[in-house]
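Results of the structural survey
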Amino acid sequence: MLLNRVCGIFIHDVMDTNPLAVLKLLLVGILVNSWMTRGLSGKQATENINVESVPRRPSVALCNETQLLWEMEVCGEGFKREMAYVDPQNWCNLTHFISEYHVFSLCTETNAGRINCYWPNPLVESYIIRIHKHFFSNCTLERVILVDPPDDTVTILILIPVFLTLAMIALVVWCSKRSDILA
């Protein structure tokens, strides 16, 4: 019984409609199966591949952290030179030094990428934090004291959703009672 049945279809039912198409399909399936089996075997696959034609992946260079620190110092010195032209009273106003900071940030990112280090990384972040502490440590804003809103405002903000919920429930109940008339 199992031999007479292929994928839930009796063979004699298929053979009656188009015997040549079924035979071609069977042969194609056998050929594809043999090619895939041959292609997946390790020995034959490596024999057929020309090793010289396969592009090699470039070797991954490691991050040279000593050079990275040196490059960060070079970028930082350039930033310090540019910040010397900005009045210290304006160090907390970003509009006075945004271009200098952009050049510093771009310098750190470019140099990190050039010496095969990802950006940002812990070394770059620690250097940038040192720069921030040097120039921007006094730029903290005054702490904003949060005050509760007036009671009337809180009451309105609480009651509006409650009443909307009750109105929606009443609307659903009313519509369900009148469904025979509305339909």
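Computed from a predicted model, the values in this text were never measured in an experiment.

1. Observations regarding a nonpolar patch on the surface
On the surface, V154, I158, L159, V162, F163, L166, I169 and V173 cluster together into a nonpolar patch covering about 680 Å² of accessible area. By the secondary structure assignment, I169 is in helix α7 (residues 151-177). Overall, I169 belongs to the partly exposed group, its relative accessible area being 47%.

2. A look at the nonpolar core
Among the nonpolar cores identified, the biggest contains 18 residues, and L68, F79, M83, F104, I131, F135 and F136 are the most heavily contacted of them. In terms of residue count, helix α6 (residues 122-136) provides more of this core than any other element does, six residues in total. Those residues in contact with F136 that sit more than four places away from it in its chain are F79, M83, W91, F97, Y101 and I131.

3. Some points on the packing of helix α4 (residues 65-83) against α6
One can describe the packing of α4 onto α6 by two numbers: an axis separation of 10 Å at closest approach and a directional angle of 25 degrees. With respect to α6, the element α4 is oriented roughly parallel. Where α4 crosses over α6, the two elements pack in a sense that is right-handed. Across the interface between the two elements, E65, L68, L69, M72, E73, G76, E77, F79, K80 and M83 of α4 pack against L123, V124, Y127, R130, I131, F135 and F136 of α6. Classifying every residue of the contact of α4 with α6 by side-chain character gives 11 nonpolar, one polar and five charged.

4. Things to note about the packing of α4 against helix α5 (residues 98-114)
Between α4 and α5, the least distance of the axes is 9 Å, while the angle of their chain directions is 165 degrees. Taken together, α4 and α5 sit at an angle that is classed as roughly antiparallel. Read as a crossing pair, α4 and α5 show a hand that is right-handed. Packed against α4, whose contacting residues are Q67, L68, E71, M72, C75, G76, F79 and E82, the element α5 presents E100, Y101, F104, C107, T108, N111, A112 and R114 at the interface. For the contact of α4 with α5, the per-class residue count stands at eight nonpolar, four polar and four charged.

5. Quick look at unusual backbone geometry
The peptide bond linking W119 to P120 adopts the cis configuration, its omega dihedral lying at -10 degrees. Among the secondary structure elements, P120 is positioned in the loop between α5 and α6. At N116, a position not held by glycine, the phi torsion is positive, near 65 degrees. Within the secondary structure, N116 is located in the loop between α5 and α6. Given a relative accessible area of 45%, N116 falls into the partly exposed group.

Definitions and limits used
Residues numbered from 1 in each chain as written. Predicted model: local features only at pLDDT ≥ 70, side-chain atom pairs only at ≥ 80, totals over all residues. Heavy atoms only, no water. Patch = residues over 30% accessible without salt bridge, like charges linked within 9 Å, V, L, I, M, F, W, Y side chains within 5 Å. Areas by Shrake-Rupley, 256 points an atom, 1.4 Å probe, with all protein chains shown as cover. Salt bridge = Lys/Arg side-chain N within 4 Å of Asp/Glu carboxyl O. Helix = DSSP H or I, 4+ residues; strand = E, 2+ residues; numbered from the N terminus. Buried < 20%, exposed > 50% of the residue type's maximum accessible area, 1.4 Å probe, protein only. Core = buried A, V, L, I, M, F, W, Y, C linked by side-chain atoms within 4.5 Å. Contact = heavy atoms within 4.5 Å. Axes fitted to C-alpha atoms, helices over the stretch in contact; angles between N-to-C directions. Parallel < 35°, antiparallel > 145°, perpendicular 65-115°, else oblique. Left-handed = near helix turned anticlockwise from the far one by under 90°. Nonpolar A, V, L, I, M, F, W, Y, C, P; charged D, E, K, R; others polar.

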